Amino acid sequence: MESGDTPASRTGNLTVRLRPVASADLAMFRRFCTEPGLVGLDWAGFRDPGAPARRFAVDGWLGADDGRLVVEVEPERAPAGFVSYLSGCYGGRASYWEIGIVLLPAWRGRGIGWRAQALLCDYLFEHTPAQRVQAGTHPENVAEQRSLEKAGFQLEGVVRACEFRAGRWRDGYLYSRLRDDPSPWDRPAQ
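Position numbers for residues count from 1 along each chain, tracking the sequence in the order it is written. Residue-level local features of this predicted model are given only where pLDDT is at least 70; pairs of side-chain atoms are given and counted only at 80 or more, and the full residue set underlies all totals for whole chains, interfaces and linings. As a convention, hydrogens and water are excluded, and side-chain values are obtained from all of the structure's heavy atoms.

So, about the environment of P139. Secondary structure elements follow DSSP: runs of H or I no shorter than four residues count as helices, runs of E no shorter than two count as strands, and numbering proceeds from the N terminus. When you line up the elements, P139 lands in the loop between β6 (132-137) and α4 (142-150). Think of it in three bands: residues with accessible area under 20% of the maximum for their type are buried, residues over 50% are exposed, and the middle band is partly exposed, with areas taken using a 1.4 Å probe on protein chains only. Residue P139 is classed as partly exposed on the basis of its relative accessible area, which comes to 28%. Sequence spacing of P139 and L174 is 35 residues, and the spatial spacing of their C-alpha atoms is 9.8 Å. We call two residues in contact when some of their heavy atoms are within 4.5 Å. Not counting residues up to four positions away in its chain, the partners in contact with P139 are Q145, D171, G172 and Y173.

Pairing of aromatic rings covers Phe, Tyr and Trp, the last through its six-membered ring, and needs centres within 6.5 Å; plane angles under 30 degrees mean stacked, over 60 mean edge-to-face, and all others mean tilted. Taken as a whole, this structure holds eight aromatic pairs when the rule is applied. Here the aromatic residues F29, F32, W61 and F82 are joined through ring pairs into a cluster of three or more. Sitting over the ring of W61, R68 keeps its end group 4.0 Å from the ring centre. A ring is considered to have a charge above it if a Lys NZ or an Arg CZ atom is located within 6 Å of its centre and within 35 degrees of its normal.

Lines fitted to C-alpha atoms define the axes, with helix axes restricted to the stretch in contact, and inter-axis angles between N-to-C directions lie between 0 and 180 degrees. It is the contact of helix α1 (residues 26-34) with helix α2 (residues 51-59), at a shortest axis distance of 8 Å, that shows an interaxial angle of 135°. With respect to each other, α1 and α2 are oriented oblique. Taking contact as the criterion, the partners of L26, F29 and C33 in α1 are, on α2, P52, A53 and F56. For the contact of α1 with α2, the residue count by class is six nonpolar, no polar and no charged. Oblique is the label for any angle not under 35 degrees, not over 145, and not in the 65 to 115 range, which are roughly parallel, roughly antiparallel and roughly perpendicular in turn. Gly falls in the polar group here, along with every residue not listed as nonpolar (Ala, Val, Leu, Ile, Met, Phe, Trp, Tyr, Cys, Pro) or charged (Asp, Glu, Lys, Arg).

The step from E74 to P75 runs through a cis peptide bond, and the omega angle for that step is 20°. Even without being a glycine, W61 presents a positive backbone phi close to 65°. For W61, the position within the fold is in the loop between α2 and β3 (66-74). For W61, a relative accessible area of 9% corresponds to the buried category. In this structure, A161 is a non-glycine residue whose phi angle is positive, near 45°. In this structure, A161 sits in strand β7 (residues 154-165). Given the relative accessible area of 44%, A161 is considered partly exposed.

To continue, consider the environment of A118. With respect to the helices and strands, the residue A118 is situated in helix α3 (residues 112-127). For A118, a relative accessible area of 0% corresponds to the buried category. When the C-alpha positions of A118 and S9 are compared, they lie 9.3 Å apart, and in sequence the two are 109 residues distant. Each residue touching A118, except ones within four places of it in the same chain, is listed here: A151, R177, P184 and W185.

These figures come from the coordinates and say nothing about function on their own.
This is the structure we're talking about:
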């Protein structure tokens, strides 16, 4: 990817690209707020379906400390879901990004998720000085664990009782990719 290009990666006959949120994407965002199970294990109950539009009106979901980009699949030019980023800080000035992804069910299991997460890391490393990007997932979400590993992340360990979900506290797995880690694009095709 050259500087200034829209991040993209191919999987089979599909090209995965990240782009800013457009007003037409807000219907998809509302679905994630109101359809139980659409986000898989991350369902945390009903959320305000108007919140995504209010946030979009503020900054188009391109905030300095957090934001979202749409995962678009070509040639359909279809929104497949979105990636998110949130800034954090360890010990003073050691900033990092926490990322996440949610794909619509029709786009899961097709190699889109790991590519989108790798593209987001590349984007954040290119446009911010952060040394670290991290992501959490559920111990039972083996598909996401594989996706993170394909995207160049390494498992750091278990974060105990980090999430309240389905009526109880649950553990999570923490993964990270550092600026100097090998890029997934430098490895043989996956």
